[in-house]
Amino acid sequence: MKNRWSDAEARQYCDHYAPRWGEALALRVYTSRLIGAEADLVMHGGGNTSVKLARENLLGDRIDALCVKGSGWDLDSIEPEGFPALDLAWLRKLRKLEALSDEEMVNQLRTHLFDASAPNPSVETLLHAFLPHAFIDHTHADAILALTNQPDGTELIRNALGDRVLVVPYVMPGFRLAKLAAEIFEAKPDAEGMVLLKHGLFTFAADARTSYERTVDCVDRAESFLRSRLRGRSASSSRATEPNAASAKMAQIGPALRGLLASPSGNPDQPHRRVILEHRATPEILGLLDAPQCASLAARGPLTPDHVIRTKSHHLFIAQPALNDADALRRQLADDIASFRTQYDSYFAEQVSSKGVTRSKIDPDPRVLLIPGVGIVCAGKTRKDAAIAADIAEHTLRIKAAAEAIGRYEPLGDAELFDMEYWSLEQAKLGKEVEKPLSRQVALVTGAGGAIGVATCIELARAGAHVVLTDVDDEALERARGKVSRIAGGSSCAAVKMDVTDEASVAAGFDRACAIFGGVDIVVA
Ligand SMILES: [Zn+2]
């Protein structure tokens, strides 16, 4: 793990942010972004950081405040506004309570903000509040998760990190975890960090740099420990498919897969709730997918419970796909997807009945498919969602394989994962925007570089479609893509060079569209 701290950069952050926000928050933004820049530490809204400082109220009184990452912000791009400030003395008083429901916790956090319009503070706010340190950094570091998701995780963490890092048993984030972590810390107040089993790492210090460097140091030690245990043990198969061949396969099976993953919408105008697909196939991924333990690992839970809302608990592994027989492959995919749905339904039924709760069931469809010879294929309502799932799935594949190679990958069980998957505070992270008329549809437009073509693409994008712009003219195509991307976002449109007078070029263009989004629903020519 590389230490990215630079005195010169830290000074730049202070010059830029300190005049308005103060030096502590300026440095908090800086080291949060250093953490966010490392996908092996946090991904897509995961992890959180905080700083304790004094804030002045309207009457000029100085009040102790906790500024903690707000929901909706990613650490790699966070700004000072992404750290809502709360009344620290009040938060600490809450520790006297025996219990605090999640709903009341959220209410207490919102009613003790300095700014009524601030984003919701992290669900881990009370843990930050109950610890005494000015700076606290929380990550879901891959190397830590490879060690903690093991039957002897506590021992492995102690061996790798020594006794300056505490071990906290798994408890779901919230009031109970915050109290437990504070008690464990107070029994050893010279600790520099704590590993939350099957969840992640916290480090803390009086200043931004030390807290950040403690994260780097812990992760670095966990990585070295993992490497030493892995020596000579390969988690991957060496006779894997070539990435180019895998992309060609994806173009062939993408449309069938999208069809199978669509579900009835109940709307006669648009009978299918479709998904957009994201495909990943690097030599590493293809090697890991060909390894014999991949099937069993796919059916075990995520690296950290937070991932469950993006990828679901289980990933769908397609064993020995019939890649050279389109009909057989389609039947195989249909059967495997159907049995995934059945299993999800029974997992849901078992959990609600054993917990005696009522919840409204999320769709039973897989988010992550692992297909040897093809790659990781992720499904989402937008390409952005599918890409988030794919980023997480790539890390998950790698870390599960490493964990299995040094012992046995053993994540949380269904009961804990269900609590996380159906926790209202987690579901809130996914947002509830109303879908547009052409959401989840892929439209391919020919002559997209021309005036009518680009205007058509813009209208389709405004209506929510993912758009494939095609044209023979490279430059016009790129200009048009720029215009559409300003409306749709870069991930929802793609430019593909295509000559409509050449059959081979058209076929290649459609293949490319299928490899990018999984298929095509609308053609405007
Ligand atoms: Zn966490």
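Just so you know, these numbers come straight off a predicted model, no measurement behind them.

Visitor: Would you take a moment to explain the overall build of the chain for this structure?
Guide: A count of helical and extended segments in the chain gives 20 helices and 17 strands. For 525 residues, the compact-globule estimate of 2.2 N^0.38 gives 24 Å, and the C-alpha radius of gyration of the chain, at 24 Å, lies within 12% of that figure. Each principal axis of the C-alpha atoms in the chain carries an extent, and together these give about 70 × 50 × 50 Å. A separation threshold of at least 6 residues defines the contact pool for the chain, and within that pool the share at least 24 residues apart is 72%. Carbon and sulfur atoms make up 50% of the accessible area of the chain, which amounts to about 22500 Å² in all. Once the 61 positive and 71 negative side-chain charges of the chain are each reduced to a mean point, those two points are 1 Å apart.

Visitor: What am I meant to see in the coordination of the zinc ion here?
Guide: Put simply, the ideal angle at a metal is 109.5 degrees for four donors in tetrahedral geometry and 90 or 180 degrees for six donors in octahedral geometry. For the zinc ion, the full set of protein donor atoms is His138 (NE2), His140 (NE2) and His199 (NE2), and the range of their distances to it is 2.1 to 2.2 Å. Expressed as a motif, the donor residue spacing for the zinc ion is H-x1-H-x58-H. Of this pair, His138 sits in strand S4 (residues 135–139) while His199 sits in the loop between strand S6 (193–196) and strand S7 (200–205), and the two are 61 residues apart along the sequence. Comparing His138 with His199, the two get one shared label, buried.

Visitor: Can you walk me through the sheet that holds strand S10 (residues 276–280) in this structure?
Guide: The pairing of strands in a sheet comes from backbone hydrogen bonds and takes either a parallel or an antiparallel form. A sheet is described by the order of its strands in space; here four strands give the open sequence S10-S13-S12-S11, paired in mixed fashion. Only two strands of the sheet have a single partner each, and these edge strands are S10 and strand S11 (316–317). Sheet topology note: the S11/strand S12 (residues 368–371) ladder contains two bridges and is parallel. Considered in S12, the bridge of Phe317 is made with Leu370.

Visitor: Explain the pairing of strand S1 (residues 48–56) here, please?
Guide: Across four bridges, the pairing between S1 and S4 is antiparallel. The residue of S4 that forms the bridge with Thr49 is Asp137. Bridge analysis of S1 against strand S2 (residues 62–68) gives seven bridges, and the strand direction is antiparallel. Paired with Lys52 across the bridge in S2 is Leu66. A loop of five residues connects S1 with S2, the two strands running antiparallel in sequence, and Gly60 in this loop sits at a positive phi of about 90 degrees.

Visitor: I keep staring at the state of the cysteines and nothing clicks. Help me out?
Guide: A covalent bond between the sulfur atoms of two cysteines is referred to as a disulfide. The full count for this structure, using the stated rule, is zero disulfides. Not part of a disulfide, Cys378 finds its nearest cysteine sulfur in Cys294, a span of 13 Å.

Visitor: Is there a simple way to think about helix H15 (residues 383–406) in this case?
Guide: Every α-helix winds through 3.6 residues per turn, so residues three or four apart in the chain are directed the same way. For H15, spanning 24 residues, the distance from its first C-alpha to its last is 35 Å, which sits close to the expected 34 Å at 1.5 Å a residue. For H15, the tally of buried residues reaches 19 of 24 residues, placing the bulk of the element in the interior.

Visitor: Is there a simple way to think about the packing of helix H18 (residues 451–462) against helix H19 (residues 474–488) in this case?
Guide: A pair of packed helices can be characterised by two numbers: the angle between their axes and the separation between those axes. Following both chains from N to C, one finds H18 and H19 inclined at 15 degrees, their axes separated by 9 Å at the closest point. If you check the angle between H18 and H19, you find them roughly parallel. Crossing hand, H18 versus H19: right-handed. Taken together, the residues of H19 that come into contact with H18 (itself represented by Val454, Cys457, Ile458, Ala461 and Arg462) are Ala480, Lys483, Val484, Ile487 and Ala488. For the contact of H18 with H19, the residue count by class is eight nonpolar, no polar and two charged.

Visitor: Looking at this structure, I do not really get the sheet that holds strand S17 (residues 522–524). What am I missing?
Guide: Spatially, the four strands line up as an open sheet ordered S16-S15-S14-S17, and their pairing is parallel. Across the chains shown, the open sheet's two edge strands, defined by having one partner strand only, are strand S16 (493–497) and S17. Taking each pair of neighbouring strands and ignoring which way they run, the sheet shows an average axis angle of 20 degrees. By the bridge criterion, three bridges tie strand S14 (residues 442–445) to S17 in an arrangement that is parallel. Its bridge partner being in S17, Leu444 is matched across the sheet by Val523. Along the sheet, helix H20 (residues 503–517) makes contact with S14, strand S15 (466–471), S16 and S17, crossing S16 at roughly 155 degrees.

Visitor: Looking at this structure, how should I read the environment of Ala338?
Guide: With respect to the helices and strands, Ala338 occurs in helix H14 (residues 326–355). By relative accessible area, which is 38% here, Ala338 ends up partly exposed. Sequence-wise, Ala338 and Gly518 are 180 residues apart; in three dimensions their C-alpha atoms are separated by 19 Å.

Visitor: Got a minute to help me understand the domain arrangement of the chain in this structure?
Guide: Interface size is commonly expressed as the accessible area that is lost once the parts come together. One can read the domain layout of the chain as domain 1 (7–230), domain 2 (243–430) and domain 3 (442–524). Placing a centre on the C-alpha atoms of domain 1 and another on those of domain 3 gives a separation of 43 Å.

Visitor: Can you help me understand the pairing of S4 in this one?
Guide: Regular strands show a simple pattern: their side chains alternate between the two faces of the sheet. Among the five residues in S4, five count as buried, and that is most of the element. Of the two faces of S4, the one lined by Phe135, Asp137 and Thr139 and the one lined by Ile136 and His138 are each fully buried. Across five bridges, S4 lies against S7 in antiparallel orientation. Across the sheet, residue His138 finds its bridge partner in S7, namely Phe202.

Visitor: Quick question: what am I supposed to make of unusual backbone geometry here?
Guide: Glycine aside, residues mostly have negative phi angles, and peptide bonds mostly take the trans form. In this structure, His44 is a non-glycine residue whose phi angle is positive, near 45 degrees. Inspection of the secondary structure assignment puts His44 in the loop between helix H2 (23–36) and S1. Note on His44: relative accessible area 28%, which makes it partly exposed. Notably, Lys312 is not glycine yet its phi reads approximately 60 degrees, a positive angle. Residue position: Lys312 is located in the loop between helix H13 (308–311) and S11.

Visitor: Sorry, what's going on with the pattern of salt bridges here?
Guide: Pairs can form between side chains of opposite charge once their charged atoms are near each other. For the structure on display, the rule yields 30 salt bridges. Residue Arg280 is joined to Asp391 by a salt bridge in which the shortest nitrogen-to-oxygen separation is 2.8 Å. Of the two residues, Arg280 is situated in strand S10 and Asp391 in helix H15; the sequence distance between them amounts to 111 residues. Take Asp391: its relative accessible area is 23%, and that puts it in the partly exposed class. Ionic pairing is found between Lys497 and Asp474, a salt bridge with its closest N-O pair at 3.4 Å. Of this pair, Lys497 sits in strand S16 while Asp474 sits in helix H19, placing them 23 residues apart in sequence.

About the thresholds
- Residues numbered from 1 in each chain as written.
- Predicted model: local features only at pLDDT ≥ 70, side-chain atom pairs only at ≥ 80, totals over all residues.
- Heavy atoms only, no water.
- Helix = DSSP H or I, 4+ residues; strand = E, 2+ residues; numbered from the N terminus.
- Rg over C-alpha atoms; globule rule 2.2 N^0.38 Å.
- Contact = heavy atoms within 4.5 Å.
- Areas by Shrake-Rupley, 256 points an atom, 1.4 Å probe, with all protein chains shown as cover.
- Lys, Arg positive; Asp, Glu negative; His and termini not counted.
- Charge placed at Lys NZ, Arg CZ, Asp CG, Glu CD.
- Donors = N, O, S within 2.8 Å, 3.2 Å for Na, K, Ca; no water.
- Buried < 20%, exposed > 50% of the residue type's maximum accessible area, 1.4 Å probe, protein only.
- Pairing = 2+ DSSP bridges.
- Disulfide = S-S within 2.5 Å.
- Expected span 1.5 Å × (residues − 1).
- Axes fitted to C-alpha atoms, helices over the stretch in contact; angles between N-to-C directions.
- Parallel < 35°, antiparallel > 145°, perpendicular 65-115°, else oblique.
- Left-handed = near helix turned anticlockwise from the far one by under 90°.
- Nonpolar A, V, L, I, M, F, W, Y, C, P; charged D, E, K, R; others polar.
- Domains from an automatic or database assignment.
- Salt bridge = Lys/Arg side-chain N within 4 Å of Asp/Glu carboxyl O.

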